[in-house]
2 protein chains.
Amino acid sequence: MASLIRSGFRSTTLASAATRTLARPSRLGAVATRGARAYAAVPPVEPAGPSGEPKKKFRVGKFLWRLTYSSAALGLGLLAYEIYDGRHPVEQAPADPTKKTLVVLGSGWGSVSFLKKVDTENYNVIVVSPRNFFLFTPLLPSCTTGTIEHRSIMEPLRHILRHKKAEVKFYEAECTEIDHEKRTITVRDNGDVKGTVAETSIPFDYLVIGVGAQNTTFGIPGVADNACFLKEIADAQKIRTKIMDCIETATFKDQSEEERKRLLHMVVVGGGPTGIEFAGELQDFFEEDLRKWVPEISGDFKVSLVEALPNVLPMFSKQLIEYTENSFKDQKIDIHTKTMVKKVTDKVISAEVTQPDGTKAMIDMPYGLLVWATGNMPRDVIKDLLQKIPAQKGSRRGLLVNDYLVVEGTEGIWALGDCAATKYAPTAQVATQEGQYLARLFNTMAKTQALEDEVVKLEQLALETAEVAEKKAITNEIENKAKLLRRSKRLMPFEYTHQGSLAYIGSDRAIADLAFGEGTYSSGGSLTYLFWRSAYVSMVFSTRNKLLVMTDWLKVKLFGRDVSRE
Amino acid sequence: MASLIRSGFRSTTLASAATRTLARPSRLGAVATRGARAYAAVPPVEPAGPSGEPKKKFRVGKFLWRLTYSSAALGLGLLAYEIYDGRHPVEQAPADPTKKTLVVLGSGWGSVSFLKKVDTENYNVIVVSPRNFFLFTPLLPSCTTGTIEHRSIMEPLRHILRHKKAEVKFYEAECTEIDHEKRTITVRDNGDVKGTVAETSIPFDYLVIGVGAQNTTFGIPGVADNACFLKEIADAQKIRTKIMDCIETATFKDQSEEERKRLLHMVVVGGGPTGIEFAGELQDFFEEDLRKWVPEISGDFKVSLVEALPNVLPMFSKQLIEYTENSFKDQKIDIHTKTMVKKVTDKVISAEVTQPDGTKAMIDMPYGLLVWATGNMPRDVIKDLLQKIPAQKGSRRGLLVNDYLVVEGTEGIWALGDCAATKYAPTAQVATQEGQYLARLFNTMAKTQALEDEVVKLEQLALETAEVAEKKAITNEIENKAKLLRRSKRLMPFEYTHQGSLAYIGSDRAIADLAFGEGTYSSGGSLTYLFWRSAYVSMVFSTRNKLLVMTDWLKVKLFGRDVSRE
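It should be emphasised that the depicted structure is a prediction, and the values quoted were computed from it without experimental measurement.

*Asks:* Can you break down the overall build of chain A residue by residue, with the values?
*Replies:* For chain A, the helix and strand inventory stands at 15 helices and 24 strands. A buried classification covers 54% of the 566 residues belonging to chain A. A separation threshold of at least 6 residues defines the contact pool for chain A, and within that pool the share at least 24 residues apart is 68%. Per element, the accessible surface of chain A, about 25,600 Å² overall, is 56% carbon and sulfur.

Structure, rendered in structure tokens:
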């Protein structure tokens, strides 16, 4: 079943919006491995004989058993501590008006990895996001079929913020305008419940922009009205409901054969990891659950994937692209490459296909569900800011930033993640590293400031001191501090380290391109799927979410997926 | 903590719409108890001494250990079998045009308990419901705060239908008209996805109506537009989102003190079990989770319960009502009895209070969330049918039925659950017993029909037979069959057996009025809460749902509730 493909060369990694990050090692995984290793190392216990030899063996065995027990107990203890710690927020230092105000926009990969690392004692931190949780986007395709329940990949932002040393304010709001000159932002409550104050402004000293991007339909008529997207939790839930709605409507009494086939045709546009994973998950849902509970649809259910480029998954190595295409063929998922959607109505997708001989032809695809998993464009607030800053003129992908992620043409404003236009692909992996880099930068800035303040104080002291020996001691100390200051001011520019790309392709198989030194290790199959799972579990931030995700996988293993429509 | 109240008298049980059923004994519970009992019965193992006594003890101990192990293994085996069985539907006999068509409307307590018991081999069964799952309504209040995840109390209808011996057709549709004379129903697909056929008719020989009831606002202005209801899964999710929305809006920058207090005032109208349980769950959510993660709201969050009658929970005994009211006082939940809502705007509830001196006064309550947990009225399809049948004239509560649940003025049409107007309260407990009764009735009807057919055949045979001895044997058999026939035709009318009422009242306390012979056993407190939990788990239909609900409880115990808004 498992087919492993190796490649020594460095594969092209035009990583797209959905490429996955492999940043954090698994703490939980490490505990599990340790326990297993100790357990496996236990030799069979032999009874103590009259000779000394077996007795010694027995002692070794006993020692190993004890080691096993203690490490298992230690592992459990650690887990219990982490659960306890996760539930018990700390006493926090209140906001301090003498400190500078740092406003962070967004609650995605970039902003959250920044918030996790930044020392909030140095600033008055305010977070503004229309979503009061962090979303583990790589598992979003799994939510569309119920392999993972959506709350398992949502981590409440307050769980993170309430564990910081100093108080962090959070406003659930959308930032609608950034005034880089007046140094204020305008925020609006975009929820259904509105108070008398639903729009206000927040002044800032420093601003970190991590608002992400929005879906684009490339202006293709009918897409916005008829397609489902796959970016937020609500999108995944809408798709989940719509899949079952299509099935129930297809099995409605007196439905014609043709209409039934249309309703059961599920089309995904976009051959990046998100599109591929969604197609794989959907086919799994059909094979493992729907076929069993709604046998009447077995003959007509069909998943198709449409991609404008000549092949899917451009960020993966050639072998893996081929492997994925063959795997999809086995699973009976149709891949239409070189097919560009031109128009969508409520029942039909019209697309232009480039045929092998180079000529172009139009085809019509009747469909029940259309998932649009391609295309990003800047959010309105970013578009507006681009207009206002002369140095940003002509930038269409997002905010241009310098090597230190400072927004060009501004001071004290940084951008990270999908809203920044860097030379890197707009992936979670890049955003995470940018967030961590910026946090280090802010922590260093605070340290530098503190050192500068101390030097000024010491210089003052030196002036006031008359005694020579004392004066010399102070001058020495100033010298030391200045050295530290020079070192901490020597900031390194942001540099991205690509760690690899991962994607699930259905039927318990995954593909992985991992960067090792100068080369790439590529693999695909069931073992890679186990790796995919453990990599994702290790990346899900909290112990709580790790356990929730694992419980969901176990639930599906035991009971299958839920076919209720709601 | 636990306070137990006993009462020997038979309490008034004007059980309301939300009174809980205690019908099925816990299979899982039984296994657990058995395991625990065996385990507890193990005496401490003493080393075998030189005398025979301890040795015998040792053997008894060994035996008991073995018993423990084997029963635990048996329990696990049973559980594994049930999980396996639940996931593997059977080969089903296809529809048979010679059989009569039985149409069942609805997928609530009545219809589902009917479907579980009825032998589908005797009829061509068609089920029509706008909801393709059964909903365990007693735990719906727990879903509003995330104590239980909504999918844990949803059981896909197909899991039930695909385990029946003969095929059962299911259409996800709303029945919009019942023509009792032409014997057809009209059904309409009410989902978002519509096929070319979205409305059609289904002819029936027998019809079982279990469509339930709809919420009523008693015509009070503003309720329909501003209140949340608590009947379906979508209602619970809407409330869950709105609670967090109110909190986020209350903590929005520059929100005034007054507006903040308004947004954090959560009002429940209706002092039945649903309202009480919701209020209790909401206060738990605040005390155990919100207070910790959103400390800024601690001073202002408030839950109030409004009831028009002089006291809450009229179906419970006096002691329990008092106990509940005191417990609510401890939890700082305000109870406003004798308070009748007169008008609701988007921000204020106006109500008329009958004061202790009998005079009436109007009060205004600013609120953030309003949950309307009172009042049922017939659905439109039932109202329409009531108009069409002369014998139903004047009935406003629902379809009048005779002692055998046949709809008055019709033939071959039965009604059960909240859409039937019986002398019993519209509770899940009543609906379940009605469903079971009707299933027995249908199974008997089929048996009777088969016997009648056989008698006719035998009579024919007797006529054709010349030999006397053979003729006598046939006559004897006819006599036997006729006796069976007479017995099976002697149908008993439906009789309801009240088994008790249960409600959760917050702070890990519950109350229970259980019927025992002529009297009632009343209890309230933490032990009753454990009973409440085990009773509910035992009632959740499938092993899958039982385990899901228990996992949810464990999840909340370990990690608390989720404060994400989505």
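*Asks:* So, the confidence of the model for chain A: which residues are in play, and what are the values?
*Replies:* Residue and element names in this part refer to chain A. In the predicted model, chain A carries a mean pLDDT of 89, and the fraction of residues at 70 or more is 90%. For the stretch residues 1-52, pLDDT sits under 50, and the model shows 117 contacts to residues farther than four places along the chain or on other chains. Interface confidence in the predicted complex, given as ipTM, is 0.87; pTM for the same model is 0.88.

*Asks:* Summarise the interface of chain B and chain A; cite the residues concerned and give the values.
*Replies:* Each partner contributes residues to the interface: chain B has 78 residues there, and chain A has 77 residues. Overall, the association of chain B and chain A removes approximately 6,600 Å² of surface from exposure, summing both partners, and the carbon and sulfur fraction of that is 53%. Considering only the surface of chain B that becomes buried against chain A, Arg 87, Arg 151 and Trp 293 of chain B emerge as the three largest contributors, covering 13% of it. Across the pair Arg 151 of chain B and Asp 562 of chain A runs a salt bridge whose closest N-O atoms are separated by 3.0 Å. In this structure, the connection of chain B to chain A is made through 40 residue pairs in polar contact (both at pLDDT 80 or more). Across the side of chain B that touches chain A, the residue classes tally to 28 nonpolar, 19 polar and 31 charged.

*Asks:* I'd like a description of the relation of the copies chain B and chain A, backed by residues and values.
*Replies:* Taken as rigid bodies, chain B and chain A are interconverted by a rotation of 180 degrees and an axial shift of 0.0 Å, the fit giving an RMSD of 0.1 Å. Considering both components of the superposition, the chain copies are consistent with a two-fold axis. Interface overlap between copies: 99% of the residues of chain B at the interface are likewise at the interface in chain A, consistent with a symmetric, same-surface contact.

*Asks:* Can you tell me about the sheet that holds strand S14 (residues 339-344) of chain B, naming the residues and giving the values?
*Replies:* Residue and element names in this part refer to chain B. The 3 strands lie next to each other as S14-S15-S16, forming an open sheet whose pairing is antiparallel. Every interior strand has two partners, whereas the edge strands, S14 and strand S16 (360-366), have only one. Each strand of the sheet is rotated relative to its neighbour by a mean of 30 degrees, with strand direction disregarded. Sheet topology note: the S14/strand S15 (residues 348-354) ladder contains 5 bridges and is antiparallel. Following the sheet pairing, Thr 339 is matched in S15 by Val 353.

*Asks:* Describe the packing of helix H3 (residues 109-117) of chain B against helix H12 (residues 428-464) of chain B, and please don't skip the residues or the numbers.
*Replies:* Residue and element names in this part refer to chain B. As a packed pair, H3 and H12 sit with axes 7 Å apart at the nearest point and diverge in direction by 35 degrees. Crossing of H3 over H12 shows right-handed handedness. Contact residues: Trp 109, Gly 110, Ser 113, Phe 114 and Lys 117 in H3; Ala 428, Ala 431, Thr 432, Gly 435, Gln 436, Leu 438, Ala 439, Phe 442 and Asn 443 in H12. Along the lines of polarity and charge, the residues of the contact of H3 with H12 split into 7 nonpolar, 6 polar and 1 charged.

*Asks:* Kindly report on the pattern of salt bridges, identifying the contributing residues and their values.
*Replies:* Residues and elements named next belong to chain B. Across all of its chains, the model carries 51 salt bridges over all chains by this definition. Here Arg 565 ties to Asp 245 by a salt bridge, and the two come within 3.9 Å at their closest N and O atoms. Of this pair, Arg 565 sits in the segment after helix H15 (543-559) while Asp 245 sits in helix H7 (residues 233-250); the two residues are 320 residues apart in sequence, bridging distant segments of the chain. For the pair formed by Arg 565 and Asp 245, the shared burial category is buried. Across the pair Lys 555 and Asp 552 runs a salt bridge whose closest N-O atoms are separated by 3.4 Å. With Lys 555 and Asp 552 both in helix H15 and 3 residues apart, this pair spans about one turn of that helix.

Definitions and cut-offs
- Residues numbered from 1 in each chain as written.
- Chains lettered and ligands numbered in written order.
- Predicted model: local features only at pLDDT ≥ 70, side-chain atom pairs only at ≥ 80, totals over all residues.
- Heavy atoms only, no water.
- Helix = DSSP H or I, 4+ residues; strand = E, 2+ residues; numbered from the N terminus.
- Buried < 20%, exposed > 50% of the residue type's maximum accessible area, 1.4 Å probe, protein only.
- Contact = heavy atoms within 4.5 Å.
- Areas by Shrake-Rupley, 256 points an atom, 1.4 Å probe, with all protein chains shown as cover.
- pLDDT = per-residue confidence, 0-100.
- Buried area = accessible area lost by both parts, 1.4 Å probe.
- Salt bridge = Lys/Arg side-chain N within 4 Å of Asp/Glu carboxyl O.
- Polar contact = N/O pair within 3.5 Å; in protein donor to acceptor, adjacent residues only side chain to side chain.
- Nonpolar A, V, L, I, M, F, W, Y, C, P; charged D, E, K, R; others polar.
- Least-squares fit on C-alpha atoms with pLDDT ≥ 70 in both.
- Pairing = 2+ DSSP bridges.
- Axes fitted to C-alpha atoms, helices over the stretch in contact; angles between N-to-C directions.
- Left-handed = near helix turned anticlockwise from the far one by under 90°.

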